[in-house]
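# Fold and geometry: a report
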Amino acid sequence: MLPLLASANDGIGGVSAGGIVFRKTDAIAMKKEVLTVSHRLISVDYEFLNEAAQDVEETIIFPLPAYPAAQQPNDTYYGQPNGFSIKVDGKPVGFRTVVQALLDKRDVTEQLHKLGLTDAQIAYHPSFSPPTKEQPFTTQQRQQLTKLKLIAEGPDGEMAPAWQIQVNYVWQQKFPANKVVRVHHEYRPFISAGPGESGMDDETAKLYCADAAFLKSWHKLAKRNNDPTGSYLSAAKVSYILKTGNTWKHGIEDFTLNVVKTAPAQLVSLCFPGAFKKTDAKTYQVHLSNFQPAQDLDVYFGNVEPSDDANNGVMPVLDKGR
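In the nomenclature of an unreviewed UniProt entry, the protein is known as DUF4424 family protein of Duganella dendranthematis.

### Some thoughts on the pairing of strand β3 (residues 42–50)
Burial of β3 is extensive: seven of the nine residues sit out of reach of the surface. In this sheet, β3 lies alongside strand β2 (residues 28–37) in antiparallel orientation, the contact comprising nine bridges. Residue pairing in the sheet places Val-37 in a bridge with Ile-42 of β3. Between β2 and β3, which follow one another and run antiparallel, lie four residues. Where β3 lies against strand β13 (residues 180–188), eight bridges are found, and the strand directions are antiparallel. Each residue of the ladder has a partner; that of Phe-48, found in β13, is Val-181.

### Side note on the nonpolar core
Residues Leu-35, Trp-163, Leu-257, Phe-272 and Leu-297 are the most contacted members of the largest nonpolar core, which totals 67 residues. Those residues in contact with Phe-272 that sit more than four places away from it in its chain are Leu-242, Phe-255, Leu-257, Val-286, Leu-288, Phe-291 and Leu-297. Within the second largest apolar cluster, 12 residues are counted, among which are Phe-214, Trp-218, Leu-233 and Leu-267.

### Things to note about the packing of aromatic side chains
Aromatic ring pairs are described here by two measures, namely the spacing of the ring centres and the angle between the planes. Across all of its chains, the model carries 16 aromatic pairs by this definition. An angle of 90° between the planes, with centres 5.9 Å apart, marks the rings of Phe-48 and Phe-175 as edge-to-face. Here Phe-48, found in strand β3, pairs with Phe-175, found in strand β12 (residues 164–175); they are 127 residues apart in sequence, far enough to count as distant. Each member of the pair, Phe-48 as well as Phe-175, carries the same accessibility label: buried. Judged by centre distance (5.4 Å) and plane angle (90°), the rings of Phe-84 and Phe-95 are edge-to-face. With Phe-84 in strand β6 (residues 82–88) and Phe-95 in the loop between β7 (91–92) and β8 (96–103), this pair connects stretches of sequence that are 11 residues apart. In this structure Phe-84 comes out as buried when scored by relative accessible area, which is 12%. What makes Phe-95 partly exposed here is its relative accessible area of 28%.

### Quick word on the pairing of β13
Bridging between β6 and β13 involves five bridges; their strand directions are antiparallel. Pairing of Lys-87 across the sheet is with His-184, part of β13.

### What about the pattern of salt bridges?
Going through the model one piece at a time under the given rule, you end up with five salt bridges. Arg-182 is the salt-bridge partner of Glu-47, the closest N and O atoms lying 3.5 Å from each other. Here Arg-182 lies in strand β13 and Glu-47 lies in strand β3, a separation of 135 residues in the sequence. Overall, the relative accessible area of 24% leaves Glu-47 in the partly exposed class. Note that Asp-55 and Lys-174 form a salt bridge whose closest N and O atoms lie 3.6 Å from each other. Here the residue Asp-55 occupies a position in the loop between β3 and β4 (56–63), and Lys-174 occupies one in strand β12, the gap between them amounting to 119 residues. Each of Lys-31, Glu-51 and Glu-253 takes part in one network of salt bridges that share partners.

Quick notes on the rules
Starting from 1, residues in each chain are numbered consecutively following that chain's sequence as written. This being a predicted model, a pLDDT of at least 70 is required before a residue's local features are given, and a value of 80 or more before pairs of side-chain atoms are given or counted; all residues contribute to the totals for chains, interfaces and linings. Based on all heavy atoms of the structure, the side-chain values leave hydrogens and waters out of the count. The rule is simple: take the accessible area with a 1.4 Å probe, protein chains only, and divide by the maximum for that residue type; under 20% is buried, over 50% is exposed, in between is partly exposed. Segments assigned H or I by DSSP are reported as helices when at least four residues long, segments assigned E as strands when at least two residues long, and all are numbered from the N terminus. The pairing criterion is simple: DSSP has to find at least two bridges between the two strands. The term nonpolar core refers to a set of buried residues drawn from Ala, Val, Leu, Ile, Met, Phe, Trp, Tyr and Cys, joined through side-chain atoms within 4.5 Å. The contact criterion used throughout is that any non-hydrogen atoms of two residues lie within 4.5 Å. Each pair of aromatic rings taken from Phe, Tyr and Trp, with Trp reduced to its six-membered ring, is defined by centres within 6.5 Å and is described as stacked if the planes are under 30 degrees apart, edge-to-face if over 60, and tilted in the remaining cases. We define a salt bridge as a side-chain nitrogen of Lys or Arg found within 4 Å of a carboxyl oxygen belonging to Asp or Glu.

As structure tokens, this is what we get:
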């Protein structure tokens, strides 16, 4: 994900995005999923089978992590993924961008619409780069928003929107009876990066199941990279929501995870069931049958090249007319 790739920022927290989801189904089975994760790209290939006797049409949702509408004192994520795309049976599929405003987990989107706010005004954040210009709230809107406690004092002491923005990509998908449907989507992931992510303390080692061999290599590379203490190594951390795979009929019947380094000299560590095998100089692979994820995925990539990308989000591409 573009907003979190800057190497010059400290304290950026990782946020997770994941696969496509919908309500629990007794008709559609996920026969196969191949998930490929690097710190620059996540791609997923699915095979779905409608096991019902009739065609089924479902609303499919790809939810993004919510971000605050108010300016924050620390670095955080804003906006949309970079390069998100969907293909079904090899053909591009269009999707709607649905914006929700959440206040204390309560959906206040319709309240904001009734006050005349557009989706662009709801989704706006002052840190977007390149800067976007949205109509400021009118005096009457600001009075009403304040009365409804939708505007409040923000972290910087200024009055600002109090809601969080949830962006969802939504599309309708038909699943013909007894037919396999192949879905592919990919995007640039959200990552934690920068000086604040360059250390290796006990908590980090535990989170990513770093073993003795990994830690030995880590400290050796840190010393080699002009750090005589061996305490810092440029890193990128990627999170991915896996538990949504349990919404399908039998979980994930055939699951393959590929963890891909962008250079052979990178280090990788993660907690995950099964035995990984090295398929080439940059790829580690694990295969599981009848997989029902009990936890989400967190992957540590060490010894990465620092990125020059700016740590600013981009405005979500919104549907016209609202």
